[in-house]
Amino acid sequence: MTSPAAGGPLRVAVVGAGPAGIYVADSLTKKNPGTEVDVFDRLPAPFGLLRYGIAPDHMKMKNLASTLQKVIENPTVRFFGNVELGRDITTTELLADYHAVVYTVGASTDRPMGIPGEELPGSIAATEFVAWYCGHPDTDVAPISLDRPQAAVIGLGNVALDVARILIRDPEELVPTDVPDSVLDALRASQIRDVHIVGRRGPEHVKFTIKELREMGELDGVDVIVDPAHFANVPSELEKNVTKLVEELRSWSTRESTGAPRRLHVHFFAPPVAVVGTDRVEGLAIKRGDGVEELPVGLVFRSIGYLGVPVPGVPFDAENKIVPTAEHRVLGGQVEFGEYAAGWVKRGATGVIGTNRSDADHTVEVLLGDLPHLMARQVTPGTAVELVQSRVDKLVTLDGWNALDAAEIALGEERPNARVKVHTWADMLSAAGFSSTD
Ligand SMILES: Cc1cc2nc3c(=O)[nH]c(=O)nc-3n(C[C@H](O)[C@H](O)[C@H](O)COP(=O)(O)OP(=O)(O)OC[C@H]3O[C@@H](n4cnc5c(N)ncnc54)[C@H](O)[C@@H]3O)c2cc1C
């Protein structure tokens, strides 16, 4: 079956069911009703970093999943989980079936610090730690052992704040969240009493958002400690949102100790120069003025950014770790019109969930502007899903995901919670309706 220009509906494959991918599907079906959208994801569950990045104690944000769910329930949208582009299907095969393909595969690896010792045991990438506490099936939930009294978190962004907050907050406060039981047990057994947030630059350069920063300053059982000297050279004229951040941090610097059982220290102007240790982390060397000081930490969490990873068959800008685009169209792709990108894989790992919504809208506007070119492409509808069905034994469709979702909600009743994550591949696929012998 070949679709000529005047023929059937526009057919689009979206690769990556994170916020960007689902917003693309939403925008396509709203702006061009009748568009058939197939959304593929390598995981059995949709929602990307909404599920596997956003901190479990930010439950309000996680509720956005119900909005995204409505999109994949749209009658002209289909979800196919456990399908990896480059492993189970190729770009060429997608382009032979769909008028357009939109890459929304996100940014899933960590930016290295490039300092000695960063590979030592006990030096952990934020990507790994976040995936662990979010119950990502690619991480083994058992091995992160929080067995040292002091830990450093390197970075001055919201992910660093998330990591520090999960490490320092009373784990009982995480009981009403979706963290897997094994993560909760590890956090309960944690020896960490002091967390040091370490940043290269000064208070006026932090990338936190004010809500998250204030939340950190209000945690029960935690004293926040900042050296007032760090504010000596902060310019008096700053943008309004920066002023708020600086004033919040300055207020921390004047707080008296309450003798709280756990402490959060913020170190500005402290570029890390080495993770110290022989067999495992024993300290973090930071630059202080003209000298070097060693923080006596036994764990180091590196949180200086997320980077994209190449996907076979998709052009990749190795320097910027993104899919290269011009006006949302992929550069260097297989067809002149037909390949687009949205979300973190296109912009780099910046911006909140909402940023992906407007970004997806812009991508879709360009895609629909290309409609005459797209509809002129010779495609054979149905071939890609046929291939996927023949190659993927445990293909998770909307029904499968809904069954997994229901299993997580049922697990929540035991704790009792809204839901608790099912976190291994085997358990996720089994909850989605596949037995281990399927
Ligand atoms: C730790 C952390 C905390 C955050 N907290 C917040 C917050 O509190 N509030 C907020 O607004 N924003 C937050 N964000 C930002 C937000 O998560 C991102 O803006 C958003 O998730 C980016 O969406 P995306 O769809 O581009 O990428 P992702 O969410 O990463 O989705 C990409 C999807 O592509 C899939 N994929 C990857 N490769 C393939 C492949 N080869 N084949 C098929 N599928 C593939 C992945 O499985 C994934 O589902 C946070 C981000 C992080 C990392």
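As the structure is a computational prediction, the values presented were derived from the model and not from experiment. (Residues numbered from 1 in each chain as written. Predicted model: local features only at pLDDT ≥ 70, side-chain atom pairs only at ≥ 80, totals over all residues.)

**What to know about the domain arrangement of the protein**
Interface size is commonly expressed as the accessible area that is lost once the parts come together.
Alright, step 1. Annotation of the protein at the domain level lists domain 1 (11-108 + 308-396) and domain 2 (112-301).
Alright, step 2. Across the side of domain 1 that touches domain 2, the residue classes tally to five nonpolar, two polar and two charged. (Domains from an automatic or database assignment. Nonpolar A, V, L, I, M, F, W, Y, C, P; charged D, E, K, R; others polar.)

**So, the site of the ligand**
Alright, step 1. What surrounds the ligand is a group of 35 residues, the closest being G16, G18, G48, G106 and G343.
Alright, step 2. For the shell around the ligand, the secondary-structure elements that each account for two or more residues are α1 (19-31), β2 (36-41), α2 (48-52), α7 (158-168) and α12 (353-369).
Alright, step 3. Split into classes, the residues belonging to the shell around the ligand amount to 19 nonpolar, 12 polar and four charged.
Alright, step 4. Built from parts of two domains, the shell around the ligand gets at least three residues from each of domain 1 (11-108 + 308-396) and domain 2 (112-301). (Near = placed C-beta within 6 Å. Helix = DSSP H or I, 4+ residues; strand = E, 2+ residues; numbered from the N terminus.)

**Regarding the nonpolar core**
It is characteristic of soluble globular proteins that their nonpolar side chains tend to be buried jointly.
Alright, step 1. V163 and F301 are the most contacted members of the largest nonpolar core, which totals 119 residues.
Alright, step 2. The two domains that each donate at least three residues to this core are domain 1 (11-108 + 308-396) and domain 2 (112-301).
Alright, step 3. Each residue touching V163, except ones within four places of it in the same chain, is listed here: A126, F129, V130, V153, F301 and S303. (Core = buried A, V, L, I, M, F, W, Y, C linked by C-beta atoms within 7 Å. Buried ≥ 20, exposed ≤ 12 C-beta atoms within 10 Å, placed from the backbone. Contact = placed C-beta atoms within 7 Å.)

**Some details on the sheet that holds strand β12 (residues 283-288)**
Alright, step 1. Strand order in this open sheet of three strands is β11-β12-β13, and the pairing throughout is antiparallel. With partners counted over all chains shown, the strands left at the sheet margins are β11 (272-276) and β13 (291-295), one partner each. Geometrically, the sheet is characterised by an average inter-axis angle of 25° between neighbouring strands, direction not taken into account.
Alright, step 2. Where β12 lies against β13, five bridges are found, and the strand directions are antiparallel. Across the sheet, the residue bridging to R288 is G291, located in β13. (Pairing = 2+ DSSP bridges. Axes fitted to C-alpha atoms, helices over the stretch in contact; angles between N-to-C directions.)

**As for the confidence of the model for the protein**
Alright, step 1. Per-chain confidence: the protein averages 95 in pLDDT, with 97% of residues scoring 70 or above.
Alright, step 2. Confidence drops under a pLDDT of 50 for residues 1-6, and excluding neighbours within four residues, the segment shows 10 contacts in the predicted structure. (pLDDT = per-residue confidence, 0-100.)

**So, helix α8 (residues 181-188)**
Alright, step 1. Taken as a whole, α8 has its buried residues at V183, A186 and L187. Down the axis of α8, the smallest arc covering the buried residues is 100°, so these residues share one side.
Alright, step 2. Looking at the buried positions of α8, the neighbouring elements they touch are α6 (126-133). (Arc of directions from axis to C-beta.)

**What to know about the environment of V309**
Alright, step 1. When you line up the elements, V309 lands in the loop between β15 (306-307) and β16 (325-326).
Alright, step 2. Taking the C-beta count within 10 Å as the criterion, V309 has 13 such neighbours and is therefore assigned partly exposed.
Alright, step 3. In this structure, the C-alpha to C-alpha distance between V309 and V105, residues 204 residues apart in sequence, is 8.8 Å.
Alright, step 4. Sequence-distant contacts of V309, defined by excluding residues within four places in its chain, comprise S108 and T109.

**Focus on the packing of α1 against α12**
Alright, step 1. For the pair α1 and α12, interaxial distance at closest approach is 8 Å and the crossing angle is 45°. By the criterion of interaxial angle, the relationship of α1 to α12 is oblique. In the packing of α1 onto α12, the handedness of the crossing is right-handed. Seen from α1, the contacting residues are P19, A20, Y23, V24, S27, L28 and K31; seen from α12, they are I353, N356, R357, D359, A360, D361, T363, V364 and L368.
Alright, step 2. A class-by-class count of the residues in the contact of α1 with α12 yields nine nonpolar, three polar and four charged. (Parallel < 35°, antiparallel > 145°, perpendicular 65-115°, else oblique. Left-handed = near helix turned anticlockwise from the far one by under 90°.)

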